[in-house]
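Observations on chain architecture
So you can see what is in the structure, the chains are spelled out below.
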Protein chains: 2
Amino acid sequence: MAGASVELVSSVKCFNGFQKVYKHVSKELNCSMNFSLYEPVKANPEEKFPVLFYLSGLTCTEQNFIQKSGFQRFASEKKLIVVGPDTSPRGCNLPGDSERWDFGVSAGCYLDALMEPWSKNYRMYSYVTKELTQLIKDNFPNTGKFGIFGHSMGGHGAMVIGLRNPDLFLSLSAFAPICNPTQTEWGKDVAFKNYLGEENRAKWNIYDSTEVIKSYDGPERNILVDQGDDDEFLNTILLPQNLKAAADSNPKVKVNLRMHPGFNHSYFFISTFMADHIEHHAKILNA
Amino acid sequence: MAGASVELVSSVKCFNGFQKVYKHVSKELNCSMNFSLYEPVKANPEEKFPVLFYLSGLTCTEQNFIQKSGFQRFASEKKLIVVGPDTSPRGCNLPGDSERWDFGVSAGCYLDALMEPWSKNYRMYSYVTKELTQLIKDNFPNTGKFGIFGHSMGGHGAMVIGLRNPDLFLSLSAFAPICNPTQTEWGKDVAFKNYLGEENRAKWNIYDSTEVIKSYDGPERNILVDQGDDDEFLNTILLPQNLKAAADSNPKVKVNLRMHPGFNHSYFFISTFMADHIEHHAKILNA
């Protein structure tokens, strides 16, 4: 088997499969990275499964999702490999990378940074779309059908990456995604300002899923988005109504935005609707 | 409403219910304690539900179970209140209470200690069977039907408490319980020795579920026990075969011991079989 190698860190049986964690040296990020991988048991050695990528939110590692979301029950039933990368480069010790919970370490924003000192390591967009997908192709036999979903910052990542790479990611959904970061204080004053720079303002829109939808002209997409209406970030950072409005103006993008009374931003919300998301992806990936 | 009061710490919607955490001042333990409580949404204000108690294992607080087990999906479906106490007194700062992961803080062993300096605070048996159950009766309307289950040290607690209080706890199950602590190094040299004392050796058996089963003469019990065969504690601390042998010799106790190939001691194992346990309890408590 060709390609870069991965090292198994842990493997634990969970439902009819194994929850594994691997590490590898990333060339895009210039550091060692962990990722989680759930692998259903094969009925025979030749059996292959689709691959669903999950992108986590601010402050997370690869652990939160595998410990708290309960996805394994449904990935096991639907026979999907599920891969969960970390949320930023690790161990780079760049100046200022650990001063804020919403910037730097564990806040890589799934973009390719243009500004110093971030541009050598903070390349999570290329990491997910090129390096990690290739690593999975090289090391884990699969059907070649990929999907992507995520939560919050990871919902933003999944939407941007999924919409900009429709041939690579056939299915797409998000939990409480950051939908329109160029219109929020976090985007304008923190993440995009520092990673991308004011002087590159023209390039911000390629990392804003509301803007990406406005100009989207690929194959028709059906996107499931779940959002709690008691989410503490709803009207300051997430802005799902902007995403929905953009989709309503583009016949190529259908966003099924489901507002859920009383739910907040936590994994208690995610776990409640996980079955529906796995079902959404399995329908497309197992078709 | 009479009785001691509880203070709400947090409440988060999860499935069709709310995952809450409360705190209260415990008279049995002489300290402030947290407990978790999952409360299904009521169809009408008068609707009442049974109560299922979950006892956690060594090193846990009330948080591990509510974040990692995925029980809320099934408690919501079956309409059960689920209560999860902490695993020991907190904040007492007794000499030596934080030197070992398997003794003292987060290792209360669900017994009433007889030895100094533990006997004033380490009264988890009375806390669960008397104070906490009364607190639930006083503060949360319910059908009066209680069940109990737990994991590891909490599986030991559930078995001992459930078998010794058959009129209070109608249903009983355990994940990877510590079954015969008087025959293990942890029991003989650490927990029972220090909490109960060598001079009280005759009283150890009331906190050993294998011994309790041998002399059990109450109403017939059907107990579900799940155990992974790749569990790192299987043959040193857990000893489920001793429990099964005792049950096989007592027609009043039926233990359905299910050995699961490849599973270890973690919440990945617990989450895999959670649906079966909630079903086991719901059948009895909702009858």
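Residues numbered from 1 in each chain as written. Chains lettered and ligands numbered in written order. Predicted model: local features only at pLDDT ≥ 70, side-chain atom pairs only at ≥ 80, totals over all residues. Heavy atoms only, no water.

1. A few points about the sheet that holds strand β3 (residues 31-40) of chain B
Residue and element names in this part refer to chain B. Reading across the sheet, the 9 strands line up as β1-β2-β3-β5-β4-β6-β7-β8-β9 and stay open at both edges, with mixed pairing between neighbours. Each end of this open sheet is capped by a strand with a single partner; those strands are β1 (7-13) and β9 (253-260). On average, adjacent strands in this sheet sit at an angle of 20 degrees to one another, irrespective of strand direction. Against the sheet, helix α4 (residues 153-164) touches β4 (49-55), β6 (142-151), β7 (169-175) and β8 (221-228), its axis set at about 140 degrees to β6. (Pairing = 2+ DSSP bridges. Helix = DSSP H or I, 4+ residues; strand = E, 2+ residues; numbered from the N terminus. Axes fitted to C-alpha atoms, helices over the stretch in contact; angles between N-to-C directions. Contact = heavy atoms within 4.5 Å.)

2. A word on the packing of helix α3 (residues 124-139) of chain A against helix α4 (residues 153-164) of chain A
The angle between the axes and the distance between the axes are what describe a pair of packed helices. All names here are of chain A. Running from amino to carboxyl end, α3 crosses α4 at an angle of 50 degrees, the nearest separation of the two axes being 11 Å. Between α3 and α4, the crossing angle belongs to the class labelled oblique. The two elements α3 and α4 cross, and the hand of that crossing is right-handed. Counted together, Y125, V128 and T129 of α3 and V160, I161 and R164 of α4 form the full contact between these two elements. Residues that form the contact of α3 with α4 fall into these classes: 4 nonpolar, 1 polar and 1 charged. (Parallel < 35°, antiparallel > 145°, perpendicular 65-115°, else oblique. Left-handed = near helix turned anticlockwise from the far one by under 90°. Nonpolar A, V, L, I, M, F, W, Y, C, P; charged D, E, K, R; others polar.)

3. Structural notes on the environment of G84 of chain B
All names here are of chain B. As for its placement among the helices and strands, G84 is situated in strand β5 (residues 81-85). In this structure, the C-alpha to C-alpha distance between G84 and I161, residues 77 residues apart in sequence, is 14 Å. Once residues within four sequence positions are removed from consideration, G84 is found in contact with F35, S36, Y54 and E62.

4. Examining the interface of chain A and chain B
Between chain A and chain B, the residue contacts involve 21 residues of the former and 21 residues of the latter. Carbon and sulfur atoms supply 60% of the area that chain A and chain B bury against each other, a total of about 1,800 Å² over both sides. Considering only the side of chain A, the residues that lose the most area to chain B are K13, Q67 and F268 of chain A, jointly responsible for 35% of the buried surface there. Where chain A meets chain B, there are 0 salt bridges. On the surface where chain A and chain B come into contact, there are 8 residue pairs in polar contact (both at pLDDT 80 or more). For the side of chain A that touches chain B, the secondary structure elements donating two or more residues are β1 (7-13), α1 (63-68), α2 (72-78) and α9 (267-285) of chain A. Per-element accounting of the side of chain A that touches chain B gives the leading share, 5 residues, to α9 of chain A. A breakdown of the residues in the side of chain A that touches chain B according to their chemical character gives 10 nonpolar, 8 polar and 3 charged. (Buried area = accessible area lost by both parts, 1.4 Å probe. Salt bridge = Lys/Arg side-chain N within 4 Å of Asp/Glu carboxyl O. Polar contact = N/O pair within 3.5 Å; in protein donor to acceptor, adjacent residues only side chain to side chain.)

5. A look at the UniProt feature "active site" (unreviewed entry) in chain A
Residue and element names in this part refer to chain A. UniProt records the feature "active site" (unreviewed entry) at S152, D231 and H265, using the numbering of this structure. Maximum C-alpha separation among the annotated residues is 10.8 Å over a sequence range of 114 residues, consistent with a single clustered spot. Note that S152 resides in the loop between β6 (142-151) and α4. In this fold, D231 is placed in the loop between β8 (221-228) and α7 (234-238). Classification of D231 as buried rests on a relative accessible area of 6%. Beyond its immediate chain neighbours, meaning those up to four positions away, D231 contacts A176, L238, F263, N264 and H265. Reaching out from D231, the side chain makes a polar contact with the backbone nitrogen of F233 at a distance of 2.8 Å. (UniProt positions renumbered as here; feature names shortened; annotations may be inferred. Buried < 20%, exposed > 50% of the residue type's maximum accessible area, 1.4 Å probe, protein only.)

6. Here's the deal with the relation of the copies chain A and chain B
Note: a rotation about an axis with an accompanying shift along it relates these two copies of the chain. Least-squares fitting of chain A to chain B yields an RMSD of 0.0 Å, with the transformation described by 0.0 Å of translation along the axis and a rotation of 180 degrees. Taken together, the rotation and translation relating the two chain copies correspond to the operation of a two-fold axis. Of the C-alpha atoms belonging to chain A, the one lying closest to the rotation axis is found on K68 of chain A, 2.5 Å away. Both copies share a contact surface, since 100% of the interface residues of chain A are interface residues in chain B too. (Least-squares fit on C-alpha atoms with pLDDT ≥ 70 in both.)

7. Some details on the nonpolar core
Within soluble globular proteins, side chains that are nonpolar tend to cluster in buried spots. Residues F35, F53, F65, V83, I148, Y195 and M274 of chain A are the most contacted members of the largest nonpolar core, which totals 93 residues. Counting residues per element, this core draws most heavily on α9 of chain A, at 8 residues. Apart from the residues lying within four places of it in its own chain, the contact partners of I148 of chain A are L52, F53, L55, V128, A158, I161, G162, F169, S171, L172, S173 and H281 of chain A. Formed by 91 residues, the second largest nonpolar core is a distinct cluster that contains F65, F71, V128 and A246 of chain B. (Core = buried A, V, L, I, M, F, W, Y, C linked by side-chain atoms within 4.5 Å.)

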